[in-house]
Amino acid sequence: MKVKDKLSLQFTFMFAVLLLVVLTGIYLFVEHNRVQSFFNKLDSRAITAAQFYLAEDNLSKENFKKVLDKFPQSLPQESIRVYSDKFQPRFIPENKIKWDTSILKQVEKQRVLHLTRGDMQVAGLYYADNSGNFIIMVSAVDEQGFYMMHEVGLIIAFFSLFSLVVTFFLGRIFAMMALSPIVKITNNLKLTRASSLHLRLPFNEKKHDEIDILSLTINQLLEHLEQSFESQKRFISNASHELRTPITAILGEAEITLMKSRKPEAYQQTLKEIISNVDHLNYILNGLMDMVQASMGNNDFQDIRMDELLWEIIDELTSRDPEINIKVNYNLPADESKITLQGSRRLVFIAISNVLKNAIKFSDGKEVICDIGCTNKGICLTITDKGIGINETDMEKIFQPFFRSENAIVYPGAGIGLSLTKNIIQLHNGTINIKSEINKATEFSLFFPTYSGH
């Protein structure tokens, strides 16, 4: 079922419930007035009957003549009974209609009694006269009132049915009008393909409603998708180039070596070149695998003492090259929970290690300073080197995969480390910032928020 049909049915159902409540209330109100009005007629009829049978000597001739004129004007299926205060019938025989003594006692007690028996309404009146006390019982059927209520019921039923039909079609029209902007958005999105992600949905820039907010949100999504596709294209292009280079070098070395017989020393040199290229290729592949793992996220999060992890990283780096000059400044509180991070130990190790390796590599043996501290919000790690620096124009590109600054090309590397580091830090809801001056210093600030949970 389409949304416009659902909205039409829901609107019709809501209106039907409201209409049912209102019309039922009106019907019950009219029925209540009918009953009360007929009881008033019965009360008046009971007084007239009492005056006719009992009060001739108490009324003037003119007033009694009025009573005589009123008395023949009976109600439909009318029955009048007169009883003494001893509950004995007077003036009119009971015949088929008899009233129980219990009902007569209620009239005597309440003075006026109204009750209903089936379609018949009954009024009882306790009448005091100079000749004694009497009970007047008058019953009749409100045929005209029932006919009127029947007509009212038919009118209500017809009006309700007609109103629901009209409401349904009006609901469809309003639903189509309300959904027309969404239909336009859908039609525009049908034109969007991978090759046309630059297309955007129109929206009102001056006055935003829910549809404009939806269009703006979709535009932002399309912008992210476009950027993602462009990054993917660049990544594939750069990855293909980076992988092709060592493979081409390996094939070239092997083919040239096999073209003629050579001395053992030449073969050894060729194998060394091949091993070097294979190591570079393996480095790139490992970096790509780490990037994939960081992008997919991880569920093996655990508590990580950041000071201990930093010490492990520095210990591993210095064990490979004892001449590395790293100075660590600890500014940590005694509370271990403030320096404990929930995350993937392996990925955080890789992220910090990549930044330290770059600082060491581009410092050319100069001292690298590492400051670790924490705030109420998280753990701060600042790594400062006195190396070649980064051009201001390259600041935004430095985290793109395989991107390398012009002044860094002479150093070994593939341009994967910082991109991988940023992905890992984002996975842990952290941030990374850079400050740099050419040929003076570069400062990397890593922030990891500390929190409990998953």
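A brief report on the enclosed structure follows. The structure presented is a predicted model; accordingly, all values stated were derived computationally and were not measured.

Analysis parameters
Residue positions are given per chain, counting from 1 as you read along its sequence in written order. For a predicted model such as this one, the threshold for reporting local features is a pLDDT of at least 70, and the threshold for listing and counting side-chain atom pairs is 80 or more; totals across whole chains, interfaces and linings nevertheless cover every residue. Side-chain measures here rest on the full set of heavy atoms in the structure, leaving out hydrogens and waters. One bridge is not enough; two strands pair if DSSP finds at least two bridges between them. Only runs of H or I of at least four residues qualify as helices and only runs of E of at least two qualify as strands under DSSP, and these elements are numbered from the N terminus. Contacts were defined at the residue level, with two residues in contact if any of their heavy atoms lie within 4.5 Å. Every angle, taken between N-to-C directions, lies between 0 and 180 degrees, and every axis is a line fitted to C-alpha atoms, over only the stretch in contact when it is a helix. Two rings belonging to Phe, Tyr or Trp (six-membered ring only in the last case) form a pair when the distance between their centres is within 6.5 Å. Interplanar angles under 30 degrees mark stacking, angles over 60 mark edge-to-face geometry, and anything in between is tilted. Think of it in three bands: with a 1.4 Å probe and only protein chains considered, a residue is buried below 20% of the maximum accessible area for its type, exposed above 50%, and partly exposed in between. Oblique is the label for every angle not falling under 35 degrees (roughly parallel), over 145 degrees (roughly antiparallel), or within 65 to 115 degrees (roughly perpendicular). We call a crossing left-handed when the near helix sits turned anticlockwise from the far one by less than a right angle, and right-handed when that turn is clockwise. Residue type decides the class: Asp, Glu, Lys and Arg count as charged, Ala, Val, Leu, Ile, Met, Phe, Trp, Tyr, Cys and Pro as nonpolar, and the leftover types, Gly among them, as polar. Basic side-chain nitrogens of Lys or Arg form a salt bridge, by our definition, when they fall within 4 Å of a carboxyl oxygen of Asp or Glu. Put simply, a nonpolar core is a bunch of buried Ala, Val, Leu, Ile, Met, Phe, Trp, Tyr and Cys residues held in one set by side-chain atoms that sit within 4.5 Å of each other.

## Comments concerning the sheet that holds strand E1 (residues 79-84)
Through backbone hydrogen bonds, the strands of a sheet pair up, either in parallel or in antiparallel fashion.
Phase 1: The antiparallel open sheet is built from five strands, whose spatial order is E2-E1-E5-E4-E3. Here the strands that pair on one side only, and so sit at the sheet edges, are strand E2 (89-90) and strand E3 (112-117).
Phase 2: Relative to strand E4 (residues 120-129), E3 runs antiparallel, the two being bridged by six bridges. Residue pairing for E4: Arg117 is matched across the bridge by Met120.
Phase 3: Seen against the sheet, helix H3 (residues 101-110) touches E1, E3, E4 and strand E5 (132-141) and runs at an angle of roughly 145° to E3.

## Topic: the packing of aromatic side chains
Phase 1: On inspection of all chains with the given rule, the structure shows five aromatic pairs.
Phase 2: Ring centres of Phe158 and Phe162 lie 6.4 Å apart, and the angle between their planes is 15°; this geometry places the pair in the stacked category. Of the two residues, Phe158 and Phe162 both sit in helix H4 (residues 143-190), four residues apart, roughly one turn of that helix. Both residues of the pair, Phe158 and Phe162, belong to the exposed class.
Phase 3: Connected via pairs of aromatic rings, a cluster forms that spans Phe52, Tyr53, Phe91 and Phe134.

## Let's talk about the packing of helix H7 (residues 306-320) against helix H8 (residues 345-363)
Phase 1: Two numbers describe how H7 lies on H8: the axes approach to 10 Å, and their chain directions differ by 50°. One way to sum up the angle between H7 and H8 is to call them oblique. Crossing of H7 against H8: the hand is right-handed. Judged by residue contacts, Met306, Leu309, Leu310, Glu312, Ile313, Ile314, Glu316, Leu317 and Arg320 of H7 engage Arg345, Val348, Phe349, Ile352, Ser353, Leu356, Lys357 and Ile360 from H8.
Phase 2: Taken together, the residues of the contact of H7 with H8 sort by class into eleven nonpolar, one polar and five charged.

## Describing the pairing of strand E9 (residues 368-374)
Phase 1: Pairing geometry for strand E7 (residues 326-331) and E9, over six bridges, is parallel. Bridging from a neighbouring strand, Lys327 pairs with Ile369 of E9.
Phase 2: In the sheet, E9 pairs with strand E10 (residues 378-385) via six bridges, with the strands oriented antiparallel. Counterpart to Ile369 in the pairing with E10 is Thr384.
Phase 3: The turn joining E9 and E10, which pair antiparallel and follow one another in sequence, is formed by three residues.

## Digging into the pattern of salt bridges
Opposite charge on two side chains lets them pair, provided their charged atoms get close.
Phase 1: Within the structure shown, the criterion is met by seven salt bridges.
Phase 2: The salt bridge involving Asp142 is made with Arg34; its shortest N-O contact spans 3.0 Å. With Asp142 in the loop between E5 and H4 and Arg34 in helix H1 (residues 3-54), the pair connects residues that are 108 residues apart, well separated along the chain. Per residue, the accessibility class of Asp142 equals that of Arg34, and both read buried.
Phase 3: Linking Glu312 and Arg345 is a salt bridge whose minimum nitrogen-to-oxygen distance equals 2.7 Å. In this pair, Glu312 sits in helix H7 while Arg345 sits in helix H8, placing the two residues 33 residues apart along the sequence.
Phase 4: What makes Glu312 partly exposed here is its relative accessible area of 35%.
Phase 5: Overlapping salt bridges, with partners in common, bring together Glu31, Arg34 and Asp142 in one network.

## Focus on the packing of H1 against H4
Phase 1: Taken N-terminus to C-terminus, the directions of H1 and H4 make an angle of 160°; their axes are 8 Å apart at the nearest point. The angle between H1 and H4 falls in the class roughly antiparallel. Considering only the axes of H1 and H4, their crossing is right-handed.
Phase 2: Of the residues in the contact of H1 with H4, the class split is 21 nonpolar, eight polar and five charged.

## Side note on the side chain of Thr167
Phase 1: Within the secondary structure layout, Thr167 lies in helix H4.
Phase 2: Every residue in contact with Thr167, bar those within four places of it in the chain, is listed here: Phe11, Thr12 and Phe15.

## Here we look at the environment of Leu281
Phase 1: Mapping Leu281 onto the fold places it in helix H6 (residues 264-296).
Phase 2: For Leu281, a relative accessible area of 15% puts it in the buried group.
Phase 3: Here the alpha-carbon distance between Leu281 and Pro246, two residues 35 residues apart in the chain, equals 6.2 Å.
Phase 4: Other than its neighbours up to four places away in sequence, Leu281 contacts Leu243, Pro246 and Ile247.

## Regarding the nonpolar core
Phase 1: The biggest cluster of nonpolar side chains holds 33 residues, and the ones touching the most others in it are Met306, Ile352, Leu356 and Leu446.
Phase 2: Within the residue set of this core, elements represented by two or more residues are H7, H8, E9, E10, helix H9 (417-427), strand E11 (431-437) and strand E12 (441-449).
Phase 3: At seven residues, H8 tops the list of elements feeding residues into this core.
Phase 4: With sequence-adjacent residues up to four places away left out, Leu446 is seen in contact with Ile352, Val355, Ile379, Cys380, Leu381, Ile425, Thr431 and Ile432.

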